[in-house]
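# Structure assessment
One-letter residues, chain by chain:
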Amino acid sequence: MRTIHLDYGASKPLRPEVVEAMTPYFVQKHGNPSSLYTLGLEAREALEKSKETVAYLIGAKKEELIFTSGGTESNNLAIKGVAYRNRTRGDRIITSVIEHMSVINTCKYVGRQGFKVTFLPVDKYGIVNVEPLRKEIDAKTILVSVMYANGEIGTVQPIREISEIVHSNNAYFHVDAVAAAGQIPIDVNKDNIDLLSLSSNDLYGPKGVGALYIREGTKIEPTLHGGGQERGLRSGTENMAGIVGFAKAAEIAEKEIENEGCQLEKLRDKLITEVLPTIKESYLNGHPTMRLPNNANIRFSYIEGESLILSLDAEGISVSSGSACTSKTLEPSHVLLAIGLAHEEAHGSLAFTLGRENVEEDINHVISVLPGIVRRLRMISPLTPKNLQEG
Amino acid sequence: MGEIPDADGIGTVGNPVCGDLMTIYIKVKDNRLEDIKFKTFGCGAAIATSSMITEMARGKTLEEAMKITRKDVAENLDGLPPIKMHCSNLAADGLHKAIEDYLEKKGKK
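First, a word on scope: everything that follows refers to the structure included in this document. (Residues numbered from 1 in each chain as written. Chains lettered and ligands numbered in written order. Predicted model: local features only at pLDDT ≥ 70, side-chain atom pairs only at ≥ 80, totals over all residues. Heavy atoms only, no water.)

Let us look at the side chain of A:Thr141. Residue and element names in this part refer to chain A. Locating Thr-141 in the fold gives a position in strand S5 (residues 141-145). One polar contact links Thr-141 to Asp-138, side chain to side chain, over a distance of 2.7 Å. In contact with Thr-141, not counting residues within four places along its chain, are Arg-92, Ile-94 and Ala-171. (Helix = DSSP H or I, 4+ residues; strand = E, 2+ residues; numbered from the N terminus. Polar contact = N/O pair within 3.5 Å; in protein donor to acceptor, adjacent residues only side chain to side chain. Contact = heavy atoms within 4.5 Å.)

Shown next, in the form of structure tokens:
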């Protein structure tokens, strides 16, 4: 049976070109960029070149980029770094309720260290509207952190509008672009962003590598102290194989972003437009148009996400659920609750995140098996109303 | 699985807010569980425990069925992940509730 991966948001395979670019850096080119002899200098050169390539993807200069261990570290560094360095200017941080946990929990952490943190609400599509921000932001606000797009429901935020308000209040603007990068074009200058988090795996690069863009002149404090690598902002010997792989992935993503976006959007729309009318009481979560090209998050009333995942897995299809039944908490997704879904509605949602290896046949297969699975689970669900029991 | 339209006892346990809701239907003849069916809204573990209890309890006397514990159900499934033991392992409770419902109805007759 062909396995169909529709959970690219959770994990992406490395491109063969990426693996090829990385391979020499494990043994042959094992140099440390801080060493002064040839092997080290070559590593230094590869590091600088990689930085330039990744920076180019978001319209930044290589001096404005530092490599980290991934999106989580980048988000931690951006938030803690700005908070600790700018304490004398103010103690307020504003973020939203649908951020990734690495932003939400970091904000909660700095909140316990004495900063005042505000979580902005979102509307039913998951959009952070500017009005609540305008009301909350004040002279004490040093940082606003809003994601470019939400990886779970796909909603893309009005980044430029938010940025305007943030900057007219002299605060820094951090954007978690982990889910958006490689999907939609990002330009830190046009979008007017001060700090931006990236992850390599989301661009089909290796896991365990990421980057933080820090606009020239932005004052931040390091979170890792040591040998002073990455301009003192991120100590630790550079993960050269990972960095080179990340750069290769970013280089390809930059070239293919438009084509791939178009292709995925077609598949995504096929999935949405064929599933919704075929399965009664199924609904799209997130915004109908302001959404990532690879994301379809669909809610099926009266059934629970994990049983859907297991049934689809038996058909060779990997998806993820809005319900975090498999996670440590059993709590439904904070994102789905934030857009106003009831607990049982949030439990019955599936997130399809498409990727470059998906073809039309994959979507056809999902469309052919999904109605039967939903029907069967609804038949055994005590919540299903009588009129849906048979059909 | 499914519903018994003229069930002698019905037991509903759980809460859809937590992600698991289960209804057990029983048919009793000569103090034995002649038939038992379930309806479940829940994750894989919840459906598996519901299905398992119908197999474990069918044909048993009411007294024997009342003695089936959550632990017995989990053991018959070769164990459940610890996180599922509490939320999703509702089947034994559902069965006991259905039997209590039957006894209560019988008492009133």
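There is more to say after this.
Moving on, we come to the packing of aromatic side chains. Residues and elements named next belong to chain A. For the structure shown, the criterion picks out three aromatic pairs over all chains. Ring centres 6.1 Å apart and planes at 55° place the aromatic pair Tyr-84 and Phe-115 in the tilted group. Residue Tyr-84 is found in helix H3 (residues 71-85), and its partner Phe-115 is found in the loop between helix H4 (101-112) and strand S4 (116-120); the two are separated by 31 residues along the sequence. Residue Tyr-84 is classed as partly exposed on the basis of its relative accessible area of 29%. Sitting over the face of the ring of Tyr-204, Arg-15 holds its NZ or CZ atom 5.2 Å from the ring centroid. Taking NZ or CZ as reference, Arg-356 lies 5.7 Å from the ring centre of Tyr-204, over its face. (Phe/Tyr/Trp six-rings, centres within 6.5 Å; stacked < 30°, edge-to-face > 60°. Buried < 20%, exposed > 50% of the residue type's maximum accessible area, 1.4 Å probe, protein only. Lys NZ or Arg CZ within 6 Å of the ring centre and 35° of its normal.)

Residue and element names in this part refer to chain A. Strand order across the open sheet formed by seven strands is S2-S8-S7-S6-S5-S3-S4, with mixed pairing between neighbours. Single-partner strands in this sheet number two, and they are strand S2 (65-68) and S4. Put simply, the sheet's adjacent strands are angled 20° from each other on average, direction ignored. Summarising the sheet, strand S6 (residues 172-176) and strand S7 (residues 195-199) pair through three bridges and their orientation is parallel. (Pairing = 2+ DSSP bridges. Axes fitted to C-alpha atoms, helices over the stretch in contact; angles between N-to-C directions.)

All names here are of chain A. You can see Gly-90 is positioned in the loop between H3 and strand S3 (92-96). When the C-alpha atoms of Gly-90 and Val-178 are compared, they prove to be 27 Å apart, with 88 residues separating the residues in sequence. The contact partners of Gly-90, leaving out residues within four places of it in the chain, are Phe-115, Lys-140 and Ile-142.

Spatial relationships are all this shows, so hold off on functional conclusions.
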